[in-house]
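# Structural characterization, general
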Amino acid sequence: MEASYKNCQSCGMPLKRDEKGGGTNYDRSKSKMYCSKCYENGKFTTPNMTVEEMRTLVKEKLKESGFPGFLAGLFTRNIPKLERWKKNS
Ligand SMILES: [Zn+2]
């Protein structure tokens, strides 16, 4: 059984803030692990992205939406611990 998470296990965004309510699995059910921006139809939307690229992207997005730089840094520091990245490290 798929565990459910509060935050997307790829980018760290809170899943309840996802306007689509989560990514989609192969069978079109909702993913409880990944958000709609990271995961569609059972695949990552950015399969070749590295964890560092993800951190940079999320940091930029947070700053764009008005987060101070140090908070964006704190938030993205935990990205390498998320499920998507743990296996490859
Ligand atoms: Zn995500």
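Higher on the page you've got the structure.
Description of the structure in this document. (Residues numbered from 1 in each chain as written. Predicted model: local features only at pLDDT ≥ 70, side-chain atom pairs only at ≥ 80, totals over all residues.)

### Quick notes on the packing of helix 1 (residues 51-64) against helix 2 (residues 69-77)
Contact pair helix 1 / helix 2: the axes reach a minimum separation of 9 Å and the direction vectors enclose 145°. By crossing handedness, the relation of helix 1 to helix 2 is classed as right-handed. Residues Arg-55, Val-58, Lys-59, Leu-62 and Lys-63 of helix 1 lie in contact with helix 2, whose contacting residues are Gly-69, Ala-72, Gly-73, Phe-75 and Thr-76. Looking at the contact of helix 1 with helix 2 residue by residue, the classes come out as four nonpolar, three polar and three charged. (Axes fitted to C-alpha atoms, helices over the stretch in contact; angles between N-to-C directions. Helix = DSSP H or I, 4+ residues; strand = E, 2+ residues; numbered from the N terminus. Left-handed = near helix turned anticlockwise from the far one by under 90°. Contact = placed C-beta atoms within 7 Å. Nonpolar A, V, L, I, M, F, W, Y, C, P; charged D, E, K, R; others polar.)

### Notes on the environment of Phe-67
Examined against the element boundaries, Phe-67 turns out to sit in the loop between helix 1 and helix 2. Classification of Phe-67 by C-beta neighbours within 10 Å gives partly exposed; the count is 15. Separated by 29 residues in the primary sequence, Phe-67 and Cys-38 have C-alpha atoms spaced 21 Å apart. When near neighbours in sequence (up to four residues on either side) are disregarded, Phe-67 contacts Leu-62 and Ala-72. (Buried ≥ 20, exposed ≤ 12 C-beta atoms within 10 Å, placed from the backbone.)

### What about the nonpolar core?
Cys-8, Cys-11, Leu-15, Met-33, Tyr-34, Cys-35, Cys-38, Tyr-39, Met-54 and Ile-79 form the largest nonpolar core, which has 10 residues in total. The contact partners of Cys-38, leaving out residues within four places of it in the chain, are Cys-8, Ser-10, Cys-11, Gly-23, Phe-44 and Thr-45. (Core = buried A, V, L, I, M, F, W, Y, C linked by C-beta atoms within 7 Å.)

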